[in-house]
Amino acid sequence: SFDFYAYSDQDDVWKESKLYVAVKALELTSGNSSRPSLYFEPTTAVDENLAFLFERGLAGLHLTLQGFFVRARVAAHTMVFDVNLKRELDLVGENHCGFSHGWLALLISKCTNANLIVGEKSHTLHRRLSTSVSAGGKGFFKRLSFEWNVMFHPEVDRSPMAQILLERYGQQLGQSDRCFLKHLANYKKSCSDKQALLFSRSFDSDIRFCNIEGWISCLCNRY
């Protein structure tokens, strides 16, 4: 029964102002509203010794349900959210269809018309270790292998997740988002739903390459 929550990876380093900045932004935006609120910010990657590697900004990020289904461009370790979003995450339960906790928070935020607050600066040092699972900063061939698996051996199963979100939030969604979830939930068994995905704005992230990946995955029934 707390007011705010954050994801904490054991190998990352929080700057002293991380929670203060995030909570202040959440309080200013949400006030006493019952709408869920989610704060997130850019990622600063460092090595094992905390030496700077790179920063991944969020300029141009498309805050759409379709865009968030394509790729979770927001790192979970930057997220801070209120109790309203925490309740929604709990209600979805343990069936995440392979989606990470941060990715799921983004999808639910869009389905609940949550307040989304994009911070301008990073307040977490994301430590990149030799054993890190994701491909960031590991070179061209590691990235190529990662993207190949995204298209043809995905860890997430978007169709059942779309059905879960549609059943839970369908009544409160706008028509375009509701139709998108319906098409996504049924595209593997319905030619018309698959056609609707392939020839509409279903792949709407700010990274064109990821949109193309999503289109190919959908074509191959791997999305």
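Residues numbered from 1 in each chain as written. Predicted model: local features only at pLDDT ≥ 70, side-chain atom pairs only at ≥ 80, totals over all residues. Heavy atoms only, no water.

(A) Broad picture of the side chain of Ser190. Assignment of secondary structure puts Ser190 in the loop between α7 (175-186) and α8 (191-198). On the basis of relative accessible area, Ser190 is assigned to the buried category, the value being 17%. There is a polar contact of 3.0 Å between the side chain of Ser190 and the side chain of Asp193. (Helix = DSSP H or I, 4+ residues; strand = E, 2+ residues; numbered from the N terminus. Buried < 20%, exposed > 50% of the residue type's maximum accessible area, 1.4 Å probe, protein only. Polar contact = N/O pair within 3.5 Å; in protein donor to acceptor, adjacent residues only side chain to side chain.)

(B) Representation of a nonpolar patch on the surface. Taken together, the side chains of Phe140, Phe141 and Leu144 define a hydrophobic patch exposed on the protein surface, amounting to about 390 Å² of accessible area. For Leu144, the position within the fold is in helix α5 (residues 140-152). (Patch = residues over 30% accessible without salt bridge, like charges linked within 9 Å, V, L, I, M, F, W, Y side chains within 5 Å. Areas by Shrake-Rupley, 256 points an atom, 1.4 Å probe, with all protein chains shown as cover. Salt bridge = Lys/Arg side-chain N within 4 Å of Asp/Glu carboxyl O.)

(C) Local environment of the packing of aromatic side chains. Counted under the stated rule, the structure contains 7 aromatic pairs. For the pair Phe2 and Tyr5, a centre-to-centre distance of 6.2 Å together with 85 degrees between the ring planes defines the contact as edge-to-face. Using a relative accessible area of 59% as the deciding quantity, one classes Phe2 as exposed. Plain terms: the ring middles of Phe69 and Phe99 are 6.1 Å apart, the flat faces sit at 90 degrees to each other, and that makes the pair edge-to-face. You can see Phe69 sitting in helix α2 (residues 65-70) and its partner Phe99 sitting in the loop between α3 (83-92) and α4 (101-111), a full 30 residues away along the chain. What links up through ring pairs into an aromatic cluster is the set Phe2, Tyr5, Tyr7 and Phe81. Its guanidinium or amino end placed over the ring of Tyr5, Lys86 lies 5.1 Å from that ring's centre, counting from NZ or CZ. (Phe/Tyr/Trp six-rings, centres within 6.5 Å; stacked < 30°, edge-to-face > 60°. Lys NZ or Arg CZ within 6 Å of the ring centre and 35° of its normal.)

(D) Examining helix α9 (residues 208-219) more closely. Here α9 is 12 residues long and its end C-alpha atoms lie 17 Å apart, about the 16 Å a rise of 1.5 Å per residue gives. Of all the positions in α9, only Cys210, Asn211, Glu213, Gly214, Ser217 and Cys218 are classed as buried. Along the axis of α9, the buried residues cluster in a sector spanning 160 degrees; they form a single face. (Expected span 1.5 Å × (residues − 1). Arc of directions from axis to C-beta.)

(E) Representation of the pairing of strand β3 (residues 37-40) in the model. Because side chains alternate across β3, one face comprises the buried residues Ser37 and Tyr39, and the other comprises Leu38 and Phe40, equally buried. Bridge analysis of β3 against strand β7 (residues 115-118) gives 4 bridges, and the strand direction is parallel. Looking at the pairing, Phe40 lines up with Val118 of β7. Where β3 meets strand β6 (residues 80-82), 2 bridges bridge the pair, whose relative direction is antiparallel. Looking across to β6, one finds that Tyr39 is bridged to Val80. (Pairing = 2+ DSSP bridges.)

(F) Examining the sheet that holds strand β4 (residues 43-46) more closely. Strand order in the open sheet formed by 4 strands is β2-β8-β4-β5, and the pairing between neighbours is mixed. Looking at the sheet topology across the chains shown, the edges are occupied by β2 (13-14) and β5 (52-56).

(G) Highlighting the state of the cysteines. Across all of its chains, the model carries 0 disulfides by this definition. The cysteine Cys179 is free of any disulfide, with Cys111 supplying the nearest cysteine sulfur at 14 Å. Given a relative accessible area of 32%, Cys179 falls into the partly exposed group. With no disulfide of its own, Cys220 lies closest to Cys218 among cysteine sulfurs, the gap being 9.2 Å. (Disulfide = S-S within 2.5 Å.)

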